[in-house]
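If you want the building blocks of each chain, they are given just below.
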Amino acid sequence: MIKVLVTGAAGQVGRDLVDVLLGYTPPGGSETWHPDGRAVHSDEFAVVGLTHHDLDVTDEAAVHRAIRAVQPDVIVHLAAYTAVDQAESDSERCFAVNERGTGYLSDAADSTGAHLVTVSTDYVFDGAGNRPYSESDTTNPLGVYGRSKLAGELRCRPRDTIVRTSWVMGIRGRNVLHVIAQRVAAGEPVRFVNDQIGTPTFSADLARGLATFVRERPSGVWHFANQPATSWYEVAVAAAEACGATRDFVTPITSGELTPAPAARRPSYSALSTEKWVAAGFREPLEWRDGLARFFRDRS
Ligand SMILES: NC(=O)c1ccc[n+]([C@@H]2O[C@H](COP(=O)([O-])OP(=O)(O)OC[C@H]3O[C@@H](n4cnc5c(N)ncnc54)[C@H](OP(=O)(O)O)[C@@H]3O)[C@@H](O)[C@H]2O)c1
(Lines give C-alpha, C1' and ligand atoms only; values in the text may rest on other atoms or scores of the structure.)
Protein backbone atom coordinates (compact mmCIF):
# COMPACT_ATOMS: atom_id res chain seq x y z
CA MET A 1 0.00 0.00 0.00
CA ILE A 2 1.17 3.52 -0.81
CA LYS A 3 0.77 5.75 2.23
CA VAL A 4 -0.45 9.24 1.27
CA LEU A 5 -0.71 12.23 3.59
CA VAL A 6 -3.06 14.97 2.37
CA THR A 7 -2.91 18.50 3.83
CA GLY A 8 -5.97 20.74 3.47
CA ALA A 9 -8.06 17.55 3.45
CA ALA A 10 -11.30 19.38 4.36
CA GLY A 11 -10.98 21.83 1.45
CA GLN A 12 -12.69 21.68 -1.91
CA VAL A 13 -10.03 19.57 -3.64
CA GLY A 14 -8.99 17.75 -0.47
CA ARG A 15 -12.38 16.11 0.04
CA ASP A 16 -12.52 14.89 -3.55
CA LEU A 17 -8.94 13.64 -3.46
CA VAL A 18 -9.52 11.62 -0.28
CA ASP A 19 -12.56 10.00 -1.95
CA VAL A 20 -10.56 9.15 -5.07
CA LEU A 21 -7.63 7.70 -3.11
CA LEU A 22 -10.04 5.50 -1.15
CA GLY A 23 -11.47 4.16 -4.42
CA TYR A 24 -14.71 6.17 -4.52
CA THR A 25 -16.00 8.51 -7.22
CA PRO A 26 -16.51 11.93 -5.60
CA PRO A 27 -19.81 13.77 -6.18
CA GLY A 28 -19.61 15.31 -9.63
CA GLY A 29 -16.94 12.84 -10.69
CA SER A 30 -16.70 10.67 -13.79
CA GLU A 31 -17.02 6.92 -13.26
CA THR A 32 -15.04 6.17 -16.41
CA TRP A 33 -12.29 8.81 -16.83
CA HIS A 34 -9.03 7.53 -15.37
CA PRO A 35 -5.99 9.49 -16.59
CA ASP A 36 -3.73 6.46 -16.80
CA GLY A 37 -6.48 4.00 -17.71
CA ARG A 38 -6.53 2.35 -14.27
CA ALA A 39 -9.21 2.76 -11.63
CA VAL A 40 -8.04 3.21 -8.03
CA HIS A 41 -8.75 0.17 -5.87
CA SER A 42 -9.77 0.59 -2.27
CA ASP A 43 -6.62 -1.14 -1.03
CA GLU A 44 -4.13 0.77 -3.23
CA PHE A 45 -3.58 3.73 -0.90
CA ALA A 46 -3.57 4.22 2.87
CA VAL A 47 -4.75 7.82 3.33
CA VAL A 48 -4.11 10.19 6.20
CA GLY A 49 -6.09 13.39 5.60
CA LEU A 50 -5.10 16.34 7.80
CA THR A 51 -7.41 19.34 8.12
CA HIS A 52 -6.43 22.84 9.22
CA HIS A 53 -7.54 21.81 12.71
CA ASP A 54 -5.16 18.82 12.68
CA LEU A 55 -2.14 20.63 11.25
CA ASP A 56 -1.39 24.31 10.75
CA VAL A 57 1.19 24.30 7.94
CA THR A 58 2.64 27.61 9.14
CA ASP A 59 3.93 25.80 12.25
CA GLU A 60 7.28 24.43 11.05
CA ALA A 61 7.84 22.12 14.03
CA ALA A 62 4.31 20.73 13.77
CA VAL A 63 4.80 20.01 10.06
CA HIS A 64 7.99 18.04 10.74
CA ARG A 65 6.34 16.20 13.67
CA ALA A 66 3.34 15.20 11.53
CA ILE A 67 5.44 13.93 8.63
CA ARG A 68 7.77 12.00 10.96
CA ALA A 69 4.79 10.46 12.77
CA VAL A 70 2.94 9.38 9.61
CA GLN A 71 6.00 8.46 7.48
CA PRO A 72 4.07 8.86 4.21
CA ASP A 73 5.38 7.71 0.84
CA VAL A 74 3.72 10.72 -0.81
CA ILE A 75 2.44 14.05 0.55
CA VAL A 76 -0.25 15.89 -1.42
CA HIS A 77 -0.14 19.46 -0.16
CA LEU A 78 -3.50 21.18 -0.70
CA ALA A 79 -3.62 23.45 2.37
CA ALA A 80 -3.53 27.01 1.11
CA TYR A 81 -4.64 30.57 1.69
CA THR A 82 -7.09 30.86 -1.22
CA ALA A 83 -8.97 34.12 -0.54
CA VAL A 84 -7.60 36.01 -3.56
CA ASP A 85 -9.08 39.45 -2.76
CA GLN A 86 -8.56 39.28 1.00
CA ALA A 87 -4.91 38.42 0.38
CA GLU A 88 -4.30 41.96 -0.91
CA SER A 89 -4.67 43.31 2.65
CA ASP A 90 -3.44 40.16 4.44
CA SER A 91 -0.16 39.59 2.65
CA GLU A 92 1.82 38.40 5.68
CA ARG A 93 -0.60 35.58 6.48
CA CYS A 94 -1.02 34.65 2.80
CA PHE A 95 2.76 34.27 2.37
CA ALA A 96 3.05 32.44 5.70
CA VAL A 97 0.69 29.73 4.42
CA ASN A 98 1.46 29.62 0.70
CA GLU A 99 5.20 30.30 0.66
CA ARG A 100 6.58 29.23 4.01
CA GLY A 101 4.06 26.44 4.65
CA THR A 102 4.85 24.90 1.27
CA GLY A 103 8.56 25.23 2.00
CA TYR A 104 8.14 23.38 5.32
CA LEU A 105 6.32 20.56 3.53
CA SER A 106 9.12 20.31 0.94
CA ASP A 107 11.74 20.29 3.73
CA ALA A 108 9.85 17.61 5.68
CA ALA A 109 9.39 15.48 2.56
CA ASP A 110 13.09 15.79 1.81
CA SER A 111 14.16 14.79 5.31
CA THR A 112 11.92 11.70 5.44
CA GLY A 113 12.28 10.52 1.84
CA ALA A 114 8.62 11.22 0.99
CA HIS A 115 7.63 12.60 -2.40
CA LEU A 116 5.84 15.97 -2.40
CA VAL A 117 2.99 16.81 -4.78
CA THR A 118 1.90 20.42 -4.29
CA VAL A 119 -0.79 22.41 -6.08
CA SER A 120 -0.32 25.89 -7.56
CA THR A 121 -2.30 28.24 -9.74
CA ASP A 122 -2.78 29.93 -13.12
CA TYR A 123 -2.55 33.24 -11.22
CA VAL A 124 1.26 32.95 -11.40
CA PHE A 125 0.81 34.37 -14.94
CA ASP A 126 0.03 37.96 -15.88
CA GLY A 127 -2.41 37.19 -18.70
CA ALA A 128 -0.48 38.98 -21.41
CA GLY A 129 -0.35 35.78 -23.49
CA ASN A 130 -2.82 34.79 -26.17
CA ARG A 131 -2.36 31.01 -26.22
CA PRO A 132 -2.65 28.49 -23.38
CA TYR A 133 0.29 28.77 -21.00
CA SER A 134 2.83 25.97 -20.92
CA GLU A 135 4.88 25.00 -17.89
CA SER A 136 7.97 26.82 -19.17
CA ASP A 137 6.25 30.14 -19.86
CA THR A 138 7.40 33.20 -17.94
CA THR A 139 5.57 33.85 -14.68
CA ASN A 140 4.60 37.33 -13.54
CA PRO A 141 1.80 37.28 -10.94
CA LEU A 142 -0.44 40.33 -10.68
CA GLY A 143 -1.52 40.00 -7.05
CA VAL A 144 -0.50 38.88 -3.58
CA TYR A 145 -2.11 35.43 -3.88
CA GLY A 146 -0.35 34.65 -7.16
CA ARG A 147 2.97 35.98 -5.81
CA SER A 148 2.64 33.85 -2.67
CA LYS A 149 1.86 30.71 -4.69
CA LEU A 150 4.83 31.36 -7.01
CA ALA A 151 7.02 31.91 -3.94
CA GLY A 152 5.77 28.53 -2.67
CA GLU A 153 6.75 26.90 -5.97
CA LEU A 154 10.21 28.40 -5.65
CA ARG A 155 10.59 26.95 -2.14
CA CYS A 156 10.13 23.45 -3.59
CA ARG A 157 12.95 21.16 -4.61
CA PRO A 158 13.55 20.07 -8.23
CA ARG A 159 12.32 16.56 -7.46
CA ASP A 160 8.96 17.76 -6.07
CA THR A 161 5.84 17.73 -8.27
CA ILE A 162 4.13 21.11 -8.74
CA VAL A 163 0.66 20.88 -10.31
CA ARG A 164 -0.74 24.19 -11.55
CA THR A 165 -4.48 24.27 -12.02
CA SER A 166 -7.15 26.93 -12.55
CA TRP A 167 -10.72 28.05 -11.76
CA VAL A 168 -11.40 25.04 -9.53
CA MET A 169 -15.01 24.09 -8.77
CA GLY A 170 -16.31 21.19 -6.71
CA ILE A 171 -19.68 20.31 -5.25
CA ARG A 172 -18.27 20.54 -1.72
CA GLY A 173 -16.50 23.84 -2.31
CA ARG A 174 -17.45 27.51 -2.22
CA ASN A 175 -17.67 28.55 -5.86
CA VAL A 176 -19.72 30.50 -8.37
CA LEU A 177 -21.74 27.51 -9.57
CA HIS A 178 -23.54 27.29 -6.23
CA VAL A 179 -24.16 31.04 -6.33
CA ILE A 180 -25.64 30.84 -9.83
CA ALA A 181 -27.92 27.94 -8.82
CA GLN A 182 -29.18 29.98 -5.86
CA ARG A 183 -29.73 33.05 -8.03
CA VAL A 184 -31.68 31.03 -10.62
CA ALA A 185 -33.85 29.58 -7.86
CA ALA A 186 -34.47 33.13 -6.55
CA GLY A 187 -35.10 34.54 -10.04
CA GLU A 188 -32.27 37.09 -9.60
CA PRO A 189 -30.28 37.59 -12.84
CA VAL A 190 -26.49 37.73 -12.66
CA ARG A 191 -23.64 39.62 -14.37
CA PHE A 192 -20.36 37.90 -15.27
CA VAL A 193 -17.17 39.13 -16.92
CA ASN A 194 -16.47 38.13 -20.50
CA ASP A 195 -12.93 39.52 -20.56
CA GLN A 196 -11.28 36.94 -18.30
CA ILE A 197 -10.40 33.76 -20.19
CA GLY A 198 -9.21 30.60 -18.48
CA THR A 199 -9.63 26.86 -18.12
CA PRO A 200 -12.34 25.85 -15.62
CA THR A 201 -11.41 22.74 -13.66
CA PHE A 202 -13.66 20.39 -11.74
CA SER A 203 -12.15 19.26 -8.46
CA ALA A 204 -13.37 15.68 -8.95
CA ASP A 205 -11.36 15.51 -12.22
CA LEU A 206 -8.37 17.25 -10.66
CA ALA A 207 -8.49 14.68 -7.85
CA ARG A 208 -8.16 11.86 -10.39
CA GLY A 209 -5.25 13.73 -11.98
CA LEU A 210 -3.60 14.08 -8.57
CA ALA A 211 -3.99 10.35 -7.91
CA THR A 212 -2.03 9.77 -11.12
CA PHE A 213 0.68 12.18 -9.94
CA VAL A 214 0.79 10.20 -6.68
CA ARG A 215 1.32 6.97 -8.62
CA GLU A 216 3.84 8.33 -11.11
CA ARG A 217 5.66 10.98 -9.01
CA PRO A 218 7.12 12.96 -11.92
CA SER A 219 9.31 15.88 -10.89
CA GLY A 220 8.86 19.51 -11.91
CA VAL A 221 5.95 21.69 -12.97
CA TRP A 222 2.80 20.28 -14.62
CA HIS A 223 -0.40 21.93 -15.80
CA PHE A 224 -3.74 20.21 -15.25
CA ALA A 225 -7.11 21.76 -16.17
CA ASN A 226 -10.32 20.85 -17.94
CA GLN A 227 -10.53 22.15 -21.51
CA PRO A 228 -10.97 24.21 -23.61
CA ALA A 229 -10.43 27.84 -22.60
CA THR A 230 -13.53 29.96 -22.03
CA SER A 231 -14.75 33.07 -20.21
CA TRP A 232 -16.48 33.33 -16.83
CA TYR A 233 -19.50 34.64 -18.76
CA GLU A 234 -19.74 31.39 -20.78
CA VAL A 235 -19.34 29.30 -17.62
CA ALA A 236 -22.14 31.30 -15.97
CA VAL A 237 -24.43 30.88 -19.00
CA ALA A 238 -23.84 27.12 -19.05
CA ALA A 239 -24.55 26.94 -15.31
CA ALA A 240 -27.70 29.03 -15.56
CA GLU A 241 -28.95 26.90 -18.45
CA ALA A 242 -28.21 23.72 -16.46
CA CYS A 243 -30.45 25.18 -13.74
CA GLY A 244 -33.29 25.85 -16.19
CA ALA A 245 -32.67 29.53 -17.02
CA THR A 246 -32.03 31.00 -20.46
CA ARG A 247 -28.85 32.66 -21.75
CA ASP A 248 -30.20 36.17 -21.12
CA PHE A 249 -30.30 35.40 -17.38
CA VAL A 250 -26.58 36.27 -17.47
CA THR A 251 -25.42 39.72 -18.60
CA PRO A 252 -21.88 39.94 -19.97
CA ILE A 253 -19.80 42.76 -18.47
CA THR A 254 -16.15 43.82 -18.51
CA SER A 255 -13.89 43.54 -15.45
CA GLY A 256 -13.96 47.33 -15.24
CA GLU A 257 -17.73 47.24 -14.68
CA LEU A 258 -17.52 45.02 -11.56
CA THR A 259 -19.01 46.72 -8.51
CA PRO A 260 -17.49 46.90 -6.03
CA ALA A 261 -14.17 46.63 -7.84
CA PRO A 262 -12.36 43.50 -6.57
CA ALA A 263 -9.25 44.16 -4.50
CA ALA A 264 -7.05 41.84 -6.55
CA ARG A 265 -6.20 42.15 -10.23
CA ARG A 266 -6.72 38.92 -12.15
CA PRO A 267 -5.07 37.89 -15.42
CA SER A 268 -7.26 38.52 -18.43
CA TYR A 269 -5.95 35.33 -20.03
CA SER A 270 -4.71 32.42 -17.93
CA ALA A 271 -5.71 29.25 -19.78
CA LEU A 272 -3.40 26.33 -19.01
CA SER A 273 -2.11 24.01 -21.73
CA THR A 274 -2.14 20.29 -20.92
CA GLU A 275 0.17 19.37 -23.81
CA LYS A 276 2.91 18.15 -21.48
CA TRP A 277 0.42 15.95 -19.59
CA VAL A 278 -0.90 14.42 -22.82
CA ALA A 279 2.60 13.98 -24.27
CA ALA A 280 3.49 12.02 -21.12
CA GLY A 281 0.84 9.48 -22.11
CA PHE A 282 -2.02 10.54 -19.83
CA ARG A 283 -5.56 11.01 -21.08
CA GLU A 284 -6.63 14.51 -22.08
CA PRO A 285 -8.65 16.09 -19.24
CA LEU A 286 -12.37 16.09 -20.01
CA GLU A 287 -14.15 19.17 -21.35
CA TRP A 288 -15.32 21.61 -18.69
CA ARG A 289 -18.89 21.34 -20.03
CA ASP A 290 -18.80 17.64 -19.19
CA GLY A 291 -17.67 18.49 -15.64
CA LEU A 292 -20.37 21.14 -15.33
CA ALA A 293 -23.06 18.66 -16.38
CA ARG A 294 -21.82 16.20 -13.75
CA PHE A 295 -21.73 18.98 -11.14
CA PHE A 296 -25.42 19.76 -11.64
CA ARG A 297 -26.31 16.05 -12.06
CA ASP A 298 -25.03 15.36 -8.54
CA ARG A 299 -25.45 18.70 -6.77
CA SER A 300 -28.90 18.03 -5.46
N1 LIG B 1 -9.99 27.19 -5.89
C2 LIG B 1 -9.39 27.53 -7.03
O3 LIG B 1 -10.00 28.12 -7.93
C4 LIG B 1 -7.94 27.21 -7.24
C5 LIG B 1 -7.33 27.56 -8.47
C6 LIG B 1 -6.00 27.25 -8.68
C7 LIG B 1 -5.27 26.60 -7.69
N8 LIG B 1 -5.87 26.30 -6.50
C9 LIG B 1 -5.06 25.63 -5.47
O10 LIG B 1 -5.62 24.34 -5.24
C11 LIG B 1 -5.34 23.95 -3.89
C12 LIG B 1 -6.63 23.48 -3.22
O13 LIG B 1 -7.55 24.58 -3.25
P14 LIG B 1 -9.08 24.43 -2.79
O15 LIG B 1 -9.91 24.96 -3.88
O16 LIG B 1 -9.32 23.06 -2.26
O17 LIG B 1 -9.08 25.49 -1.60
P18 LIG B 1 -9.94 25.53 -0.25
O19 LIG B 1 -11.25 24.88 -0.44
O20 LIG B 1 -9.86 26.94 0.22
O21 LIG B 1 -9.10 24.58 0.72
C22 LIG B 1 -7.88 24.99 1.31
C23 LIG B 1 -7.79 24.35 2.66
O24 LIG B 1 -6.59 24.77 3.28
C25 LIG B 1 -6.86 24.99 4.64
N26 LIG B 1 -5.88 25.89 5.24
C27 LIG B 1 -5.80 27.24 5.14
N28 LIG B 1 -4.77 27.69 5.87
C29 LIG B 1 -4.19 26.60 6.44
C30 LIG B 1 -3.09 26.41 7.31
N31 LIG B 1 -2.37 27.45 7.76
N32 LIG B 1 -2.78 25.16 7.69
C33 LIG B 1 -3.49 24.10 7.26
N34 LIG B 1 -4.56 24.20 6.46
C35 LIG B 1 -4.89 25.45 6.04
C36 LIG B 1 -8.25 25.58 4.66
O37 LIG B 1 -8.82 25.41 5.93
P38 LIG B 1 -9.74 26.60 6.57
O39 LIG B 1 -10.83 26.84 5.57
O40 LIG B 1 -10.18 26.01 7.86
O41 LIG B 1 -8.81 27.77 6.73
C42 LIG B 1 -8.96 24.75 3.59
O43 LIG B 1 -9.53 23.58 4.14
C44 LIG B 1 -4.68 25.16 -3.23
O45 LIG B 1 -3.29 25.01 -3.29
C46 LIG B 1 -5.08 26.32 -4.14
O47 LIG B 1 -4.15 27.39 -4.07
C48 LIG B 1 -7.20 26.57 -6.26
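Please refer to the structure higher up on the page.
**Q** So what exactly am I meant to see when it comes to the environment of A66 here?
**A** Mapped onto the secondary structure, A66 falls in helix α2 (residues 60-70). By relative accessible area, A66 is classed as buried at 15%. With 61 residues separating them in the primary sequence, A66 and L5 have C-alpha atoms 9.4 Å apart.

**Q** Mind showing me how you'd approach the site of the ligand here?
**A** The ligand sits among 23 residues. The nearest are Q12, V13, T82, Y145 and K149. A distance of 2.9 Å separates an oxygen atom of the ligand from a polar side-chain atom of H52. T82 is positioned such that a nitrogen or oxygen atom in its side chain is 2.7 Å from an oxygen atom of the ligand. At the level of elements, α1 (12-21), α3 (91-112), β4 (115-121) and α4 (144-154) are the ones that each hand at least two residues to the shell around the ligand. Considering each element in turn, the shell around the ligand owes the most residues, three residues, to β4. For the shell around the ligand, the per-class residue count stands at 12 nonpolar, eight polar and three charged.

**Q** Mind showing me how you'd approach the packing of aromatic side chains here?
**A** Geometrically, a pair of aromatic rings is defined through the distance of the ring centres and the angle of the planes. Taken as a whole and judged by the stated rule, the model has 11 aromatic pairs. When the centroid spacing of 5.1 Å and the interplanar angle of 65 degrees are considered together, the rings of F295 and F296 count as edge-to-face. The same class applies to F295 as to F296, namely buried. Put simply, the rings of W33, F213, W222, F224, W277 and F282 pair up and form one aromatic cluster.

**Q** What is the right way to read unusual backbone geometry from this model?
**A** Backbone geometry follows two general trends: most residues other than glycine have a negative phi, and most peptide bonds adopt the trans configuration. Following Q227, the chain continues to P228 via a peptide bond in cis, the omega torsion being -10 degrees. Structurally, P228 is set in the loop between β10 (220-223) and β11 (230-231). Going from T259 to P260, the amide bond is cis rather than trans, its omega being -10 degrees. Of note in this structure, Q71 is not a glycine but carries a positive phi near 50 degrees.

**Q** Please clarify how the sheet that holds strand β5 (residues 161-165) should be interpreted in this entry.
**A** Within a sheet, adjacent strands bond to each other through the backbone by hydrogen bonds, running parallel or antiparallel. Read across the sheet, six strands follow the order β2-β1-β3-β4-β5-β10 without closing on themselves; strand pairing throughout is parallel. Either end of the sheet is taken by a strand with one partner, and the two such strands are β2 (45-50) and β10. Direction aside, the axes of adjacent strands within the sheet are offset by 20 degrees on average. Sheet strands in contact with α2 are β1 (2-7), β2 and β3 (74-77), and its direction is about 160 degrees off that of β1. Across the sheet, α3 is in contact with β1, β3 and β4; its angle to β3 comes to roughly 175 degrees.

**Q** Would you take a moment to explain the packing of helix α5 (residues 176-186) against helix α9 (residues 288-298) for this structure?
**A** Packed helix pairs are specified by the crossing angle of their axes together with the interaxial distance, meaning the distance between the axes. Between α5 and α9, whose axes approach to 12 Å, the crossing angle comes to 55 degrees. The angle between the axes of α5 and α9 places the two elements in the oblique class. For the crossing formed where α5 meets α9, the hand is right-handed. Between α5, through L177, H178 and A181, and α9, the contact on the second element is made entirely by L292, F295 and F296. Counted by class, the contact of α5 with α9 contains five nonpolar, one polar and no charged residues.

Rules of the game
- Residues numbered from 1 in each chain as written.
- Predicted model: local features only at pLDDT ≥ 70, side-chain atom pairs only at ≥ 80, totals over all residues.
- Heavy atoms only, no water.
- Helix = DSSP H or I, 4+ residues; strand = E, 2+ residues; numbered from the N terminus.
- Buried < 20%, exposed > 50% of the residue type's maximum accessible area, 1.4 Å probe, protein only.
- Near = heavy atom within 4 Å.
- Polar contact = N/O pair within 3.5 Å; in protein donor to acceptor, adjacent residues only side chain to side chain.
- Nonpolar A, V, L, I, M, F, W, Y, C, P; charged D, E, K, R; others polar.
- Phe/Tyr/Trp six-rings, centres within 6.5 Å; stacked < 30°, edge-to-face > 60°.
- Pairing = 2+ DSSP bridges.
- Axes fitted to C-alpha atoms, helices over the stretch in contact; angles between N-to-C directions.
- Contact = heavy atoms within 4.5 Å.
- Parallel < 35°, antiparallel > 145°, perpendicular 65-115°, else oblique.
- Left-handed = near helix turned anticlockwise from the far one by under 90°.

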